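Coordinate analysis (summary)
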Amino acid sequence: MSGQVGDLSPSQERALAQFRENMQDVLAVLPSTDDYFLLRWLRARSFDLKKSEDMLRKHVKFRKQQDLDNILAWQPSEVVRLYEPSGFCGHDREGSPVWYRIIRGLDLKGLLLSVSKQEILRFNFRNLELLLRDCEQQSQELGKKVEKISTVFDFEGLSLRHLWKPGVELIQEFLSALEANYPEILKNLIVVKAPRLFPVAYNLMKPYISEETRRKVVILGGNWKQELPKFISPDQLPVEFGGTMTDPDGNPKCLTKINYGGDVPQHYYLRNHVRVQYDHQATVGRGSSLQVDNEILFPGCVLRWQFASDGGDIGFGVFLKTKMGERQRAGEMTEVLASQRYNAHMVPEDGSLTCTEAGVYVLRFDNTYSLIYPKHVSYTVEVLLPDQTSLEKIERF
């Protein structure tokens, strides 16, 4: 079995013994003290004793902060239980539990307007602890060590709303915590139904996952229903994903195990907007406008923005320059997103668009209609690039 303790070289065995000695003072508060557990931290840091020790000691603090020893008894709020689209269903061909993530049902904005970011993170840490508990049960039942999990990411329905900045930052924070506190538990990350926008989303996540984890990403193409059973036998795979498993009532989606999420109803909302930090501030004088240029070098990039105003509403639109190197009036440019007035002094605005052609895209804040009041605008603008490797994989299918 891959990852067996017996696979160690003499120098790795010495490192393991020394690591155990160095960590004597915290062994009592760890969830496990066997060689398999300690090796996860050593492997994550290429058997560098100092780095491994530093990583595990930080994890001890993390366990205390998140109260991981008692997290399985914790109950998240109703909105998280109903609208966080994920679930654990069946086991792969080697006995590892399979965790599903359903992107089309993910309404991160609705969740973040309803509960704290910490609760959403904690819910996912609880899922990881449940999966690790299942690994222990599988190890006992199968008589072999099961210490990794398989994940299936269904990316059908991925859209620009999923690239909302606070939502993406939450996912990035979770990935960082996953890498720092759950090393070496991921067997593979299988992507199905990846749309054209997937390479942009993946590029946003790449800096937060290790090179080792990136190697475990498997993007299945149009024939994914034939490919997925190579990892998970049909009787352990829901009919929805090309297998034969159903709920007791015959439902092909296995709804008792996998939550498919959906848009969060507004009656759960506790606030009308999420606090964000903006990169720029500017004053748009009365009767004038502010233009923010963004050069897009190739099609397929995503332009993403957020803004808020003080002193009243503000007009906003996106235009494409028809002449390079000079300022143009709105009427001289190609209108990409029609200009309209937003109550951004009450609720911050955010949006994004996929750039279908290269050129200079202009975000235009319009205060020409106000002859008395200047407006103060806070804004953030980003250009999101696709990940070329993922793009090539998708285009092959």
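Residues numbered from 1 in each chain as written. Predicted model: local features only at pLDDT ≥ 70, side-chain atom pairs only at ≥ 80, totals over all residues. Heavy atoms only, no water.

Things to note about the overall build of the protein chain
Scanning the protein chain from terminus to terminus reveals eleven helices and 13 strands. Per-residue burial for the protein chain yields a buried fraction of 51% across its 397 residues. Taking all contacts inside the protein chain whose residues are at least 6 apart in sequence as the whole, residues at least 24 apart take part in 79%. Total accessible area on the protein chain is roughly 19,400 Å²; 49% of this is exposed by carbon and sulfur atoms. Of the side chains in the protein chain, 50 bear a positive and 52 a negative charge, and the two mean positions are spaced by 2 Å. (Helix = DSSP H or I, 4+ residues; strand = E, 2+ residues; numbered from the N terminus. Buried < 20%, exposed > 50% of the residue type's maximum accessible area, 1.4 Å probe, protein only. Contact = heavy atoms within 4.5 Å. Areas by Shrake-Rupley, 256 points an atom, 1.4 Å probe, with all protein chains shown as cover. Lys, Arg positive; Asp, Glu negative; His and termini not counted. Charge placed at Lys NZ, Arg CZ, Asp CG, Glu CD.)

Describing the nonpolar core
Grouped together as the largest cluster of nonpolar side chains are 57 residues, with contacts concentrated most on Phe125, Leu128, Tyr182 and Phe198. Of all the secondary-structure elements, those providing two or more residues to this core are helix H4 (78-83), helix H5 (108-114), helix H6 (117-142), strand E3 (149-154), helix H7 (165-181), strand E4 (186-192), helix H8 (198-205) and strand E5 (217-219). Residues within four places of Phe198 in sequence aside, it is in contact with Phe155, Leu158, Val191, Ile219, Ser390 and Ile394. (Core = buried A, V, L, I, M, F, W, Y, C linked by side-chain atoms within 4.5 Å.)

Quick look at unusual backbone geometry
At Phe47, a position not held by glycine, the phi torsion is positive, near 65°. Its place among the elements puts Phe47 in the loop between helix H2 (35-44) and helix H3 (49-66). The phi angle at Glu184 is positive, at roughly 60°, despite the residue not being glycine. Relative to the elements of secondary structure, Glu184 occurs in the loop between H7 and E4. On the basis of relative accessible area, Glu184 is assigned to the buried category, the value being 19%.

Brief notes about the sheet that holds strand E6 (residues 280-284)
The four strands lie next to each other as E6-E13-E8-E11, forming an open sheet whose pairing is antiparallel. At either margin of the open sheet sits one strand with a lone partner, and together these are E6 and strand E11 (349-354). With direction set aside, neighbouring strand axes in the sheet form an average angle of 25°. Looking at chain direction, strand E8 (residues 302-310) and strand E13 (residues 375-384) are connected through nine bridges and run antiparallel. (Pairing = 2+ DSSP bridges. Axes fitted to C-alpha atoms, helices over the stretch in contact; angles between N-to-C directions.)

Section: the pairing of E4
Of all seven residues in E4, six are buried; the element is thus mostly enclosed. Sheet analysis places E3 next to E4, joined by six bridges and oriented parallel. What sits directly across from Phe153, in E4, is Val191. Note that the unit made of E3, H7 and E4 has a crossover that is right-handed. Pairing between E4 and E5: three bridges, direction parallel. Opposite Leu189, over in E5, you have Val217 as the bridge partner. (Right-handed = clockwise from strand over helix to strand, strands pointing away.)

Quick word on the environment of Trp305
When you line up the elements, Trp305 lands in strand E8. Along the chain, Trp305 and Glu349 lie 44 residues apart, while their C-alpha atoms are 8.2 Å from each other. With residues near it in sequence (within four places) discarded, Trp305 still touches Phe316, Val318, Leu337, Glu349, Asp350, Gly351, Ser352, Leu353, Leu363, Thr380 and Val381.

Observations regarding a nonpolar patch on the surface
Where nonpolar side chains cluster on the molecular surface, the patch consists of Leu297, Phe298, Val383 and Leu385 and spans about 340 Å² of accessible area. Considering the arrangement of structural elements, one finds Phe298 in the loop between strand E7 (289-296) and E8. Owing to a relative accessible area of 32%, Phe298 belongs among the partly exposed residues under this scheme. (Patch = residues over 30% accessible without salt bridge, like charges linked within 9 Å, V, L, I, M, F, W, Y side chains within 5 Å. Salt bridge = Lys/Arg side-chain N within 4 Å of Asp/Glu carboxyl O.)

Notes on H7
Taking 1.5 Å as the rise per residue, H7 with 17 residues should run 24 Å; its terminal C-alpha atoms sit 24 Å apart, in good agreement. Along H7, the positions that sit buried rather than exposed are Lys165, Pro166, Gly167, Val168, Leu170, Gln172, Phe174, Leu175, Ala177, Leu178 and Asn181. (Expected span 1.5 Å × (residues − 1).)

Observations concerning the pairing of strand E9 (residues 314-320)
On a regular strand, each side chain points to the face opposite its neighbour's, so the side chains alternate between the two faces of the sheet. The element E9 is extensively covered by neighbouring structure, given that seven of its seven residues are classed as buried. Neither face of E9 is exposed, since Ile314, Phe316, Val318 and Leu320 on one face and Gly315, Gly317 and Phe319 on the opposite face are all buried. Two strands pair when backbone bridges link them, and E9 and strand E10 (residues 334-342) are joined in this way by six bridges, in the antiparallel orientation. The residue of E10 that forms the bridge with Phe316 is Gln340.

Brief notes about the pattern of salt bridges
Side chains that differ in charge, positive against negative, can pair when their charged atoms come close. One pass over the full model with this rule turns up 30 salt bridges. Note that Asp154 is salt-bridged to Lys193, the shortest N-O span being 3.0 Å. Placement of the pair is Asp154 in strand E3 and Lys193 in the loop between E4 and H8, with a sequence separation of 39 residues. Between Asp313 and Arg341 there is a salt bridge, with its nearest N and O atoms 3.2 Å apart.

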